[in-house]
Amino acid sequence: MSTYLGMPAVPPKPATEPVAPLRWGPTFPVAAHDALADGQMRTNLRRATRTIRDKRLHVTAELPDWEALRDAGSAIKADTMQRLPELLEQLEAAVTARGGTVHWARDAAEANRIVTDIVRAAGAREVVKVKSMATQEIGLNEHLEAEGVVAHETDLAELIVQLAGDRPSHILVPAIHRNRDEIRQIFASRMAEVPTGLTDDPRELAMAARAHLRELFLRADVAISGANFAVAETGTVAVLESEGNGRMCLTLPRTLVSVVGIEKVVPTYRDLEVFMQLLPRSSTGERMNPYTTMWTGVTPDDGPQEFHLVLLDNGRTRALADEIGRSALHCIRCSACMNVCPVYERTGGHAYGSVYPGPIGAILTPQLLGLESRDAATASLPFASSLCGACYDACPVKIDIPTALVHLRDRALHDGDGAHPSAMGTAMAAAAAAMSSGGRFRWALRGLALAGRVLGGRRIRRLPWPGSLWTATRDLPVLPRRSFRDGLARRPRGTSTGAGRGAGGDAS
Amino acid sequence: MSARDAVLGAVRSALGRAPGAPGPAPADVVRGYRAATDVAPGSEGALALLADRLLDYRAAVIRCRASEVAATVAAQLADAGAVAVPPGLPQAWLDAVRASGLTVLVDAPGDLLTARRLDGTGAVLTACRVAVADTGTIVLDGGPDQGRRVLSLVPDRHVCVVRADQVVASVPEAVALLGEHPERPQTWISGPSATSDIELVRVEGVHGPRDLRVVVVVD
């Protein structure tokens, strides 16, 4: 334990200030390069992801029918996508019949405008928020702020991120990159009325957050949430959480707005029996999350008396159009894929430059934005993987992320009208040129060997283009003075060091 | 074009469907998982599993006979000061609570308790709709003996009475029951409020009740 003295500087984590929450910053290799230098973050991440991973394995092994649940979850999602128009219409009718109002938003700007109008109509100047990926994706907090409305994040991790002026780095544990001492510093310097002598004990920190937020819950007139599931058959909306901040937001204010991606619909009430088993065990490694709230429209005298459901496209129909890539829309946001990903574990979430990091982000984000945008930074995301397949094994709805990655890599290289090759395609074409003939490759190798001699045996960190395509992501060991080919060429023909086993010429 | 028509049109187009073309019939989803288990509702196995899961969440579990419920809940609330209750609890429970010197605040239709009033209330006493042994979950669906969602949210202690016959083994069995009234607002509770946001250290009690006590009634 340590005692707070003076005003500490809390470093904001992402190096680049995001302008668009769906994708900001440089290409993945460049961002990852910086992230790899942050030893503290990697230590925090390694500890956190390993803990969740072990818990998840324990509780999924408990269920004898885990694989059958995954199969059913996968089948329900595939069916949902095929019938999406009808299910959305059914959902709208069911919510409306129960006194709710359904809005449709083509993109982030439209969704933000709808929410702002509802908040204004309620006469509110501040809102409380349940942690939600959809509202992060559309940059709702920033938009509300520009419109003069203060949005208070109430999830502990989101609060930490908001107070620090930081970005979330994990979809489930957004402050996973911060350790307890950093959090103590953030609270001590940024939270109003923080207890004096606040220590870095997690319980003490959580209680400081409880005290800070309680008054906000009691006075708020409007709450904003996302949803984990929306049932077409009944109009029931479900939010799963742990802390009770979600229940506070979903219960106390008079007006509730839920911003929900169109892919979150599930066909029947019964389908909840599948997802209420898959999601908690996959995400936090618990048998069940502490709290789930389910509501259907408006219930007189119980909970919000005004309910608005905003159905959000924002690129989802673009993803839906790709028959392989659309499986990214099956995602139930459990984050199991990032917790098992060796790339995520080393680079952290910020390197992906998107609210959706990790393996699922690598296939979801570029599709939501459109690969045809030829933005090299976005197009670099499907390459942010070792294709080891751990994400596929962990996914509760069996999204074949490796296959989607390979498919999207191909699209990133070859999409376009021919006259204007994509940015990633241009880069890859240059690499291909260097390796297209033995002669060119031999000269490239000789150049590297020479560079190695100049450097005196140290590792090569940066090469000029097109070698930079390699060294942007990895160091290069210096090469021996002579390549194997050169050595072979200098030997007299017909001799062999192979103790009589075949001719030397076979080695080529 | 309205946003609604634009989004629905884009969805249809992404699926390669002509405008006005009918959608496919629902797929036949194979549900090879357990719809039920061989653990009977209310059986000793179900009760033991529920208790094990609840203790794992650091909730308290108290077992008693039907004739002892009133005295048991009164004892669990003894130091709470004021106790909020939904309108439909058995009179005998309320009498026992009042007899032990506690103030009982009834959340009656027409005279509802405000959130601020509940914030100064020590505890809440409710029944439940169903409990899931596998996951240590108690579900409230707003019935007269469970009340509005706000009741079990704001006070710091929640004493919840679960009848043995309400304890099912698995999630699908609970969803089948709850699906009889999907329109009712539901709260699924698995242990007290908890967070793991700081270095994944579990801390009980952030915003909801920090103290959950489950009274299991057996005959």
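The structure under discussion appears in the preceding block.
Residues numbered from 1 in each chain as written. Chains lettered and ligands numbered in written order. Predicted model: local features only at pLDDT ≥ 70, side-chain atom pairs only at ≥ 80, totals over all residues. Heavy atoms only, no water.

Chemist: Can you lay out the sheet that holds strand 8 (residues 167-168) of chain B for me, pointing to particular residues and giving the numbers?
Modeler: Read from one edge of the open sheet, eight strands run 8(A)-5(A)-6(A)-9(A)-9(B)-6(B)-5(B)-8(B), paired in mixed fashion. Every interior strand has two partners, whereas the edge strands, strand 8 (265-266) of chain A together with strand 8 of chain B, have only one. Bridge count between strand 5 (residues 130-132) of chain B and strand 6 (residues 137-140) of chain B: three bridges; the pairing is antiparallel. Bridge assignment links Ala131(B) to a residue of strand 6 of chain B, and that residue is Ile138(B). (Pairing = 2+ DSSP bridges. Helix = DSSP H or I, 4+ residues; strand = E, 2+ residues; numbered from the N terminus.)

Chemist: Residue-level account of the side chain of Arg210(A), with values.
Modeler: Position of Arg210(A) among the secondary structure elements: in helix 10 (residues 202-219). Its relative accessible area of 9% is what places Arg210(A) among the buried residues. Side chain to side chain, Arg210(A) and Asp156(B) meet in a polar contact 3.3 Å long. Ignoring anything within four residues of it in the chain, the contact list for Arg210(A) reads Asp156(B), Gly205(B), Val206(B), His207(B), Gly208(B) and Arg210(B). (Buried < 20%, exposed > 50% of the residue type's maximum accessible area, 1.4 Å probe, protein only. Polar contact = N/O pair within 3.5 Å; in protein donor to acceptor, adjacent residues only side chain to side chain. Contact = heavy atoms within 4.5 Å.)

Chemist: Explain the nonpolar core residue by residue, including any values.
Modeler: Grouped together as the largest cluster of nonpolar side chains are 153 residues, with contacts concentrated most on Leu88(A), Phe187(A), Phe229(A), Ile363(A) and Trp188(B). The dominant element in this core, judged by the number of residues it contributes, is helix 10 of chain A, at nine residues. Listed in part, the 23 residues of the second largest apolar core include Ala70(B), Val73(B), Trp93(B) and Ala127(B). (Core = buried A, V, L, I, M, F, W, Y, C linked by side-chain atoms within 4.5 Å.)

Chemist: Can you explain the pattern of salt bridges? Please cite residues and give values.
Modeler: Under the counting rule described, the total for this entry stands at 52 salt bridges over all chains. Notably, a salt bridge pairs Arg287(A) with Asp56(B), separated by 3.0 Å at the nearest N-O pair. Of this pair, Arg287(A) sits in the loop between helix 12 (272-283) and strand 9 (291-296) while Asp56(B) sits in helix 2 (residues 44-56), placing the two residues on different chains. Accessibility expressed as a relative area gives 10% for Arg287(A), which makes it buried. Taking relative accessible area as the criterion, Asp56(B) reaches 47% and is therefore assigned partly exposed. The partner of Arg149(B) in a salt bridge is Asp302(A), with the nearest N and O atoms 3.2 Å apart. (Salt bridge = Lys/Arg side-chain N within 4 Å of Asp/Glu carboxyl O.)

Chemist: Describe the sheet that holds strand 12 (residues 211-218) of chain B, and please don't skip the residues or the numbers.
Modeler: All names here are of chain B. Read across the open sheet, the six strands follow the order 1-12-7-4-2-3; overall the sheet is parallel. The open sheet has two free edges, formed respectively by strand 1 (60-65) and strand 3 (103-106), since each of these has just one partner strand. With direction set aside, neighbouring strand axes in the sheet form an average angle of 25 degrees. Pairing of strand 1 with strand 12 involves six bridges; the strand directions are parallel. By the bridge assignment for strand 12, Arg-65 is matched with Val-218. Its contacts with the sheet put helix 4 (residues 91-99) on strand 2 (82-85), strand 3, strand 4 (123-126) and strand 7 (157-163), and the angle it makes with strand 3 is roughly 140 degrees. (Axes fitted to C-alpha atoms, helices over the stretch in contact; angles between N-to-C directions.)

Chemist: Give me helix 19 (residues 401-414) of chain A: which residues, what numbers.
Modeler: Between its first and last C-alpha, helix 19 of chain A extends 20 Å over 14 residues, near the 20 Å set by a 1.5 Å rise per residue. When helix 19 of chain A is considered as a whole, its buried residues turn out to be Ile401(A), Pro402(A), Ala404(A), Leu405(A), His407(A), Leu408(A), Arg409(A), Arg411(A) and Ala412(A). (Expected span 1.5 Å × (residues − 1).)

Chemist: Account for the interface of chain A and chain B, naming residues and giving values.
Modeler: In this complex, chain A contributes 93 residues to the contact, which on the side of chain B involves 77 residues. Across the chain A to chain B interface the summed buried area is about 7200 Å²; carbon plus sulfur atoms make up 58%. Between chain A and chain B we count 15 salt bridges in total. Residue Glu215(A) pairs with Arg116(B) through a salt bridge whose shortest N-O separation is 3.1 Å. Linking chain A to chain B there are 38 residue pairs in polar contact (both at pLDDT 80 or more). For the side of chain A that touches chain B, the element with the highest residue contribution is helix 10 of chain A, accounting for 13 residues. Here the residues of the side of chain A that touches chain B sort into 44 nonpolar, 19 polar and 30 charged. (Buried area = accessible area lost by both parts, 1.4 Å probe. Nonpolar A, V, L, I, M, F, W, Y, C, P; charged D, E, K, R; others polar.)

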